[in-house]
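What the coordinates show
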Amino acid sequence: MEVEVEGIVLKETLYSETSKILQVLTKEFGLISIIAKGASSYKNSLRSLALPFLYAKFIINYKKDKISTLKGGKVFKLYGSGAKDMDVYAYLSYLCELTYKVLQENNNKEIFIILKNALDKIDDGFNKTVLKNIVEFKYLDYIGITPDLNICHKCMNVTEPFAIDGKIGGFVCNNCYTNERKVQKDFKKILNRYQDVDISEIKEIKISKENELIVNEFLKEYYVSFSGIKLNSDKLIEMIEK
Ligand SMILES: [Zn+2]
């Protein structure tokens, strides 16, 4: 069945001498595999459609739960191509790899919108760490490990947050505090904003550097402790963030 889909290439794998298999997150079907025959050779017309971080319309011969075949398409945008700052590629790699892993657990079509909106904002030059963290926060719902931000994760009482620790899963109250990272009173509101914000509506990002780092550190620890997701590209991000 020949169909048109709108999608973002998350990953490419070389296949035979000249072909590529693409992992494409589509608006219509979620994650699908597409073979681009001959796309590694310079003269091939599919070459410009078979690139990582590409957002495009793909005309494919669609096979449900199998590998679809690329017939043609139209390039909308190659994320990162206009970037002056090379760090952008590390964030694109990280977000595409994370998205691929999340889709293995939940091939939910809503994820396309989250990723596309975030990549658009990164392309527009918005704070990359904050956008990465917003995406990470939103993905927790899809992998079923949304943190409970209303309780102290040591005594389990509903309390005011005093400190935070990703390894134990969230906030710690005043009574249970030992050596976790202290937070301001309104910190829960900040985290709620990361969870709820519609990325496409973001006009500016206002957050103190200190809070930005606490959120980033929290999510890093939380993913390691609770998600079971391991990425290759997180080393790159860590190098940049140091
Ligand atoms: Zn407590």
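**Some remarks on the overall build of the chain**
Scanning the chain from N- to C-terminus turns up six helices and eight strands. Helices and strands appear in the chain in the N-to-C order β-β-β-β-β-α-α-α-β-β-β-α-α-α. In terms of C-alpha radius of gyration, the chain reaches 20 Å, essentially the compact-globule figure of 18 Å for 242 residues. The C-alpha extent of the chain, read off along each of the three principal axes, is 65 × 35 × 30 Å. Every one of the 242 residues in the chain was classed for burial, and the buried ones make up 50%. Counting only contacts in the chain whose residues sit at least 6 apart along the sequence, the fraction spanning at least 24 positions is 60%. Approximately 12,500 Å² of the chain is accessible, and the part contributed by carbon and sulfur atoms is 50%. The averaged location of the 33 negative side-chain charges in the chain is 4 Å from the averaged location of its 36 positive side-chain charges.

**Describing the side chain of Ser 68**
Secondary-structure assignment places Ser 68 in strand β5 (residues 67-78). Overall, the relative accessible area of 0% leaves Ser 68 in the buried class. Aside from chain neighbours lying at most four places away, what touches Ser 68 is Ser 33, Ile 34, Ile 35, Ile 60, Asn 61, Tyr 62 and Lys 63.

**So, the pattern of salt bridges**
Within this structure, the stated rule accounts for 16 salt bridges. Two residues, Glu 241 and Lys 132, come together in a salt bridge whose shortest N-O distance is 3.8 Å. Separated by 109 residues along the polypeptide, Glu 241 in helix α6 (residues 234-241) and Lys 132 in helix α3 (residues 128-142) bring together distant segments of the chain. A residue is classified by how much of its surface remains accessible, and Glu 241, at 27% relative accessible area, is partly exposed. Here Lys 209 ties to Glu 212 by a salt bridge, and the two come within 3.1 Å at their closest N and O atoms. Residue Lys 209 and its partner Glu 212 are located together in helix α5 (residues 209-226), separated by three residues, close to a single helical turn. Several salt bridges share partner residues, and in doing so they unite Asp 165, Lys 167, Arg 181 and Glu 221 into one network.

**Describing the domain arrangement of the chain**
On domain assignment, one finds that the chain holds domain 1 (2-78) and domain 2 (87-241). A straight line from the C-alpha centre of domain 1 to that of domain 2 covers 30 Å. On the domain 2 side, the residues contacting the 17 residues of domain 1 number 17 residues. Carbon and sulfur atoms make up 74% of the surface buried where domain 1 meets domain 2, a total of about 1,500 Å² over both sides. Contact with domain 2 buries surface across domain 1, with Leu 10, Leu 25 and Phe 53 losing the most and accounting together for 38% of the total. For the pair domain 1 and domain 2, the interface holds one salt bridge.

**Notes on the coordination of the zinc ion**
Binding of the zinc ion to the protein goes through Cys 152 (SG), Cys 155 (SG), Cys 173 (SG) and Cys 176 (SG), at separations of 2.2 to 2.4 Å. Coordination of the zinc ion draws on donor residues from a single chain, spaced C-x2-C-x17-C-x2-C in sequence. Cys 173 sits in the buried class, given a relative accessible area of 3%.

**Notes on the sheet that holds strand β7 (residues 170-172)**
In space, the three strands of this open sheet follow the order β7-β6-β8, with antiparallel pairing throughout. The open sheet has two edge strands with one neighbour each: β7 and β8 (181-182).

Rules of the game
Residues numbered from 1 in each chain as written. Predicted model: local features only at pLDDT ≥ 70, side-chain atom pairs only at ≥ 80, totals over all residues. Heavy atoms only, no water. Helix = DSSP H or I, 4+ residues; strand = E, 2+ residues; numbered from the N terminus. Rg over C-alpha atoms; globule rule 2.2 N^0.38 Å. Buried < 20%, exposed > 50% of the residue type's maximum accessible area, 1.4 Å probe, protein only. Contact = heavy atoms within 4.5 Å. Areas by Shrake-Rupley, 256 points an atom, 1.4 Å probe, with all protein chains shown as cover. Lys, Arg positive; Asp, Glu negative; His and termini not counted. Charge placed at Lys NZ, Arg CZ, Asp CG, Glu CD. Salt bridge = Lys/Arg side-chain N within 4 Å of Asp/Glu carboxyl O. Domains from an automatic or database assignment. Buried area = accessible area lost by both parts, 1.4 Å probe. Donors = N, O, S within 2.8 Å, 3.2 Å for Na, K, Ca; no water. Pairing = 2+ DSSP bridges.

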